[in-house]
Amino acid sequence: MIGADVEPARIGILGCGAMGSVYAALFAEAGAQVIALNRKGAHLGAITAHGLRLSGASGDRVVHLQTCAMPPEHAETLPPLDLLIVATKSMDAAQATRDALPLLAPQTLVLTIQNGLGTSDQLAGIVGAERLAVGIAAAFGASIQAPGHAHHAHSGSLTIGAYRGLDAAQVSRIAALWRAAGIRAEAVADIAAMQWEKLICNAAFSGLCGVTGLRVGEVMASAELAPLAQAAAAEAFAVAQAAGVALTVRDPVAHAMAFGEKVRAAKPSVLLDIEAGRRSEIEVINGAIDPIARRFGTIAPVNATIAALVRHRERQAGLRGDSEAG
């Protein structure tokens, strides 16, 4: 069992990319025993050799922490974790979590923080629904500047809820750990509603920015694209309602546009991935909405079309196989 009564907590950060590196540094500075779990590569090598440099919203410094290349070759030599935070891209989360299973004890909790929908269902089948929490990150604005150097653009916040069966007190303890690391964190009873309310915003901008190369504000200012963004948000809202999700949002277009106003200069992760030569997470954002709609007897053609266009752009860039449908 983890929480304020365990000092220090032993926390594994699975996937030390931009966001994971920010998490790792902040937890380590707060006194947690952090182990950075990542594939072998220049970034992990630099952290191992010289420490993790974190710059941006919370200052510029170097934090030293333990590292482990995944999959772990000598997991039996590592003490079990109190908390595993899965911070990989959605398409990598299942395999990465399977690789991390030797590091888990019966009491280890798992917190998954990914964009979109579907990843938590996969991880529940791997680690067990009773130990799984789901997090929704907002406004972190993280990036990798160079191997071993992460930049933290905004202070960010986190909403955390039980996937299914995890005791509410445990969710509150996880949130308390984040607050101790200087991150605004709130435990909520209905994480599904929060996921969909974020997805409504992401559906409006992620795919359209990925297809066009435009920033959020440029999509909002476009006479051709703004109506598409609004239609994608409204469609996601309608599918959530069909699925019986207890949304607090009443006007999905106003909700998405208010979000867009806050991040007008931003490039969503779908666009950043394509520009970096990586396959994006479009399948769990716009691409997730129509399959869910069809399970409830409806369709989501706007989001399905946006996802298809992103897949086409990725295929043209060599980020997908020619026969890969998505």
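Residues numbered from 1 in each chain as written. Predicted model: local features only at pLDDT ≥ 70, side-chain atom pairs only at ≥ 80, totals over all residues. Heavy atoms only, no water.

Per an unreviewed UniProt entry, the protein chain goes by 2-dehydropantoate 2-reductase and derives from Pararhodobacter oceanensis. Comment text from UniProt for the protein chain, heading Catalytic activity (unreviewed entry), reads "(R)-pantoate + NADP(+) = 2-dehydropantoate + NADPH + H(+)". (UniProt positions renumbered as here; feature names shortened; annotations may be inferred.)

**Comments concerning the overall build of the protein chain**
Helix and strand content of the protein chain: 12 helices and 12 strands. At 19 Å, the protein chain has a C-alpha radius of gyration in line with the 20 Å of a compact globule built from 326 residues. When the backbone C-alpha atoms are referred to their principal axes, the protein chain occupies close to 55 × 40 × 40 Å. In the protein chain, which comprises 326 residues, the proportion classed as buried is 52%. A separation threshold of at least 6 residues defines the contact pool for the protein chain, and within that pool the share at least 24 residues apart is 70%. As displayed, the protein chain offers around 13700 Å² of accessible surface, 54% of which is attributable to carbon and sulfur atoms. Taken together, the 26 basic and 28 acidic charged side chains of the protein chain have centroids lying 2 Å from each other. (Helix = DSSP H or I, 4+ residues; strand = E, 2+ residues; numbered from the N terminus. Rg over C-alpha atoms; globule rule 2.2 N^0.38 Å. Buried < 20%, exposed > 50% of the residue type's maximum accessible area, 1.4 Å probe, protein only. Contact = heavy atoms within 4.5 Å. Areas by Shrake-Rupley, 256 points an atom, 1.4 Å probe, with all protein chains shown as cover. Lys, Arg positive; Asp, Glu negative; His and termini not counted. Charge placed at Lys NZ, Arg CZ, Asp CG, Glu CD.)

**A short note on the sheet that holds strand S9 (residues 142–146)**
Ordered in space as S4-S3-S10-S9, the four strands form an open sheet in which the pairing is mixed. Taken across any chain shown, the strands that pair with only one partner, and hence form the sheet edges, are strand S4 (61–63) and S9. The sheet shows a mean angle of 30° between the axes of neighbouring strands, taken without regard to direction. Packed on one face of the sheet, helix H2 (residues 42–50) meets strand S3 (52–56), S4, S9 and strand S10 (149–152) and runs near 105° to S3. (Pairing = 2+ DSSP bridges. Axes fitted to C-alpha atoms, helices over the stretch in contact; angles between N-to-C directions.)

**Description of the packing of aromatic side chains**
The tally for this structure, following the rule as stated, stands at three aromatic pairs. A centroid spacing of 4.7 Å and a plane angle of 70° characterise the contact between Phe27 and Trp178, whose relative ring orientation is edge-to-face. Of the two residues, Phe27 is situated in helix H1 (residues 18–29) and Trp178 in helix H5 (residues 168–180); the sequence distance between them amounts to 151 residues. The same class applies to Phe27 as to Trp178, namely buried. With centroids separated by 6.4 Å and ring planes inclined at 35°, the aromatic side chains of Phe205 and Phe259 adopt a geometry described as tilted. Here Phe205 is found in helix H6 (residues 191–212), whereas its partner Phe259 is found in helix H9 (residues 252–262), with 54 residues between them in sequence. In this structure an aromatic cluster arises from ring pairing among Tyr23, Phe27 and Trp178. (Phe/Tyr/Trp six-rings, centres within 6.5 Å; stacked < 30°, edge-to-face > 60°.)

**A few points about the pattern of salt bridges**
What the rule picks out here adds up to 13 salt bridges. For Glu275, the salt bridge identified is with Lys267, shortest N-O distance 3.1 Å. A relative accessible area of 43% places Glu275 in the partly exposed class. Note that Glu283 is salt-bridged to Arg320, the shortest N-O span being 2.8 Å. A residue pair is termed long-range when its members are at least 10 positions apart, and Glu283 in the loop between helix H10 (269–275) and helix H11 (286–295) and Arg320 in the segment after helix H12 (301–316) qualify at 37 residues. (Salt bridge = Lys/Arg side-chain N within 4 Å of Asp/Glu carboxyl O.)

**Focus on the pairing of strand S1 (residues 10–14)**
Within a regular strand, the side chains alternate between the two sheet faces. The element S1 is largely enclosed, with a buried count of five among its five residues. Burial along S1 is two-sided: Arg10, Gly12 and Leu14 and Ile11 and Ile13, pointing in opposite directions, are all buried. Relative to strand S2 (residues 33–39), S1 runs parallel, the two being bridged by five bridges. By the bridge assignment for S2, Leu14 is matched with Leu37. The parallel pair S1 and S2, bridged by H1, forms a crossover whose chirality is right-handed. Both S1 and strand S6 (residues 81–86) contribute to a ladder of four bridges, which runs parallel. (Right-handed = clockwise from strand over helix to strand, strands pointing away.)

**Let's talk about the confidence of the model for the protein chain**
Averaged over the protein chain, the pLDDT score is 93; the fraction of residues at 70 or greater is 96%. Predicted confidence for residues 1–6 stays below pLDDT 50, and this span has 14 contacts to residues more than four positions away or in other chains. (pLDDT = per-residue confidence, 0-100.)

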